[in-house]
Amino acid sequence: MWTGNRETLIKNIKMRISFFTILLFVSVFTLTAQSSIAYKTLENIPYYSEQITCNDSYLAERCVLDLYYPLNSKAFTTVVWFHGGALTHGEKYIPQKLTEKGIAVVAVSYRFSPKVKCPDYIKDAAAATAWVFNNINKYGGDSTKIVVSGHSAGGYLASMVGLDKKWLLDYGIEANSIAMLIPFSGHTITHMTVRQERGIPEEKPVIDEYAPLYHVRKDAPPLILVTGDRDLELLGRYEENAYLWRMMKIVGHDKTKIYELDSFNHNRMVSPALEILLEEIKVLDKKLQSN
């Protein structure tokens, strides 16, 4: 029961009403501003030079990307997105949950095993990422706000490009320029298809130069690991990621996180993982604005 005077009570009620009115106005304004942004998609942009693509028809077919970006916007974040498919199949796509969020998305196609062998698909991932670094500013983006992500095989490619510096160094780009790495359910040991190319069963783990775990380092970009439920994932995928998380902590990398999505299997985890990605981008934007 209220024991103060009536005028104070009325004053407090008015202040609360004003506060919630402001919150409602800000929310509506933000949603209206986002919905009023127009977006454009450019499809099948080659990310290798013409000199390279003209000599290889398979490379010319596969090594293209789609760019989805907000028009008349400045300094937006860009997500480089690698699709899954065990490095043997799949097609590029723009995740629906990432559309109309004020960000750009680059969906990448790459070559597949057995038509090519390791490390050609890793080279493709690096070439596509380098294209984004070299070109996103032309469309209004900010090359200091590039997030590299992907699901399953795409998560593996994202980790390899971000943790093993040599792939981007071929293009004069420092891997630590990546704003964040956010692989979804990616191998952190050597990928099963890389092992199969050598005649090694998928149940037999290998950690060599083609394993993200091999490239644990303190100075890596912020690393957000997301997997499905450990009991529903493929081949111990959660445990692989948990080991990478632990080893990154041991070497002093204090910007590694891991999320296990309970009750979600390898494929169904993508949708909630995209929500995590969007939240991490908000955190990134706040940090950059405060600097």
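Use the structure listed above.
Residues numbered from 1 in each chain as written. Predicted model: local features only at pLDDT ≥ 70, side-chain atom pairs only at ≥ 80, totals over all residues. Heavy atoms only, no water.

Enquirer: How would you sum up the sheet that holds strand S2 (residues 64–70)? Please name residues and give values.
Expert: Strand order across the open sheet formed by 8 strands is S1-S2-S4-S3-S5-S6-S7-S8, with mixed pairing between neighbours. At either end of the open sheet lies a strand with only one pairing partner, and these are strand S1 (39–46) and strand S8 (256–261). Across the sheet, the axes of successive neighbouring strands diverge by a mean angle of 15 degrees, strand direction being ignored. Note: S2 against strand S4 (residues 104–108), 4 bridges, orientation antiparallel. Following the sheet pairing, Asp66 is matched in S4 by Ala107. The sheet contacts of helix H4 (residues 120–135) involve S1, S2, strand S3 (76–82), S4 and strand S5 (141–151), and relative to S3 the element is tilted by about 165 degrees. Running over the sheet, helix H9 (residues 270–290) touches S3, S5, strand S6 (180–184), strand S7 (223–228) and S8 and is turned about 175 degrees from S6. (Pairing = 2+ DSSP bridges. Helix = DSSP H or I, 4+ residues; strand = E, 2+ residues; numbered from the N terminus. Axes fitted to C-alpha atoms, helices over the stretch in contact; angles between N-to-C directions. Contact = heavy atoms within 4.5 Å.)

Enquirer: So what's going on with the pattern of salt bridges? Which residues, and what values?
Expert: Applying the stated criterion across every chain, the model contains 14 salt bridges. Of the charged contacts, one joins Asp124 and Arg111 as a salt bridge, the two residues approaching to 2.8 Å between their closest N and O atoms. Residue Asp124 is found in helix H4, and its partner Arg111 is found in the loop between S4 and H4; the two are separated by 13 residues along the sequence. The residues Asp124 and Arg111 share a single accessibility class, namely buried. For Arg217, the salt bridge goes to Asp219, with nearest N and O atoms at 2.9 Å. (Salt bridge = Lys/Arg side-chain N within 4 Å of Asp/Glu carboxyl O. Buried < 20%, exposed > 50% of the residue type's maximum accessible area, 1.4 Å probe, protein only.)

Enquirer: I'd love a proper account of the packing of aromatic side chains, names of residues and values included.
Expert: Applying the stated criterion to the full structure yields 7 aromatic pairs. Pairing Tyr47 with Tyr48 gives two aromatic rings, centres 5.4 Å apart and planes at 35 degrees, and the pair type is tilted. Overall, the relative accessible area of 6% leaves Tyr47 in the buried class. An aromatic cluster of three or more residues is present, and its members are Tyr69, Trp131 and Tyr139. (Phe/Tyr/Trp six-rings, centres within 6.5 Å; stacked < 30°, edge-to-face > 60°.)

Enquirer: Please provide a residue-by-residue account of the pairing of S8, values included.
Expert: In the sheet, S7 pairs with S8 via 6 bridges, with the strands oriented parallel. Across the sheet, residue Ile224 finds its bridge partner in S8, namely Lys257. Read from S7 through helix H8 (residues 237–250) to S8, the crossover connection turns out right-handed. (Right-handed = clockwise from strand over helix to strand, strands pointing away.)

Enquirer: Pulling in residues and values, what's your account of the pairing of S7?
Expert: Summarising burial for S7: 6 of the 6 residues are buried, a large majority. Neither face of S7 is left uncovered, since the one carrying Leu223, Leu225 and Thr227 and the one carrying Ile224, Val226 and Gly228 both have all their residues buried. Where S6 lies against S7, 2 bridges are found, and the strand directions are parallel. When the sheet's bridge partners are listed, Leu181 is paired in S7 with Leu223. You can see the chain leave S6, run along helix H7 (residues 192–197) and come back into S7, and the turn it takes is right-handed.

Enquirer: Describe the packing of H4 against helix H5 (residues 153–163), naming the residues involved and giving the relevant values.
Expert: Two elements in contact, H4 and H5, have axes separated by 9 Å at closest approach and are oriented at 70 degrees. Taken together, the axes of H4 and H5 are roughly perpendicular relative to one another. Contacts from Tyr121, Ile122, Ala125, Ala126 and Thr129 of H4 reach H5 at Tyr156, Leu157, Met160 and Val161. Looking at the contact of H4 with H5, its residues break down into 8 nonpolar, 1 polar and no charged. (Parallel < 35°, antiparallel > 145°, perpendicular 65-115°, else oblique. Nonpolar A, V, L, I, M, F, W, Y, C, P; charged D, E, K, R; others polar.)

Enquirer: Got a sec to walk through unusual backbone geometry? Specific residues and values, please.
Expert: Glycine aside, a negative phi is what most residues show, and trans is what most peptide bonds show. The amide bond that connects Ser113 to the next residue, Pro114, takes the cis arrangement and shows omega of 10 degrees. Positionally, Pro114 belongs in the loop between S4 and H4. Notably, Asn44 is not glycine yet its phi reads approximately 55 degrees, a positive angle. Checked against the element boundaries, Asn44 lands in strand S1. Positive phi, close to 50 degrees, is recorded for Ser185, a residue that is not glycine. Along the chain, the position of Ser185 falls in the loop between S6 and H7.

Enquirer: Can you lay out the environment of Asp208 for me, pointing to particular residues and giving the numbers?
Expert: Following the sequence through the fold, Asp208 ends up in the loop between H7 and S7. On the basis of relative accessibility, which here comes to 17%, the residue Asp208 falls in the buried class. In this structure the C-alpha to C-alpha distance between Asp208 and Ile189, which are 19 residues apart in sequence, comes to 7.8 Å. Not counting residues up to four positions away in its chain, the partners in contact with Asp208 are Thr190, Arg198 and Tyr214. Separated by 2.7 Å, the side chains of Asp208 and Arg198 make a polar contact. (Polar contact = N/O pair within 3.5 Å; in protein donor to acceptor, adjacent residues only side chain to side chain.)

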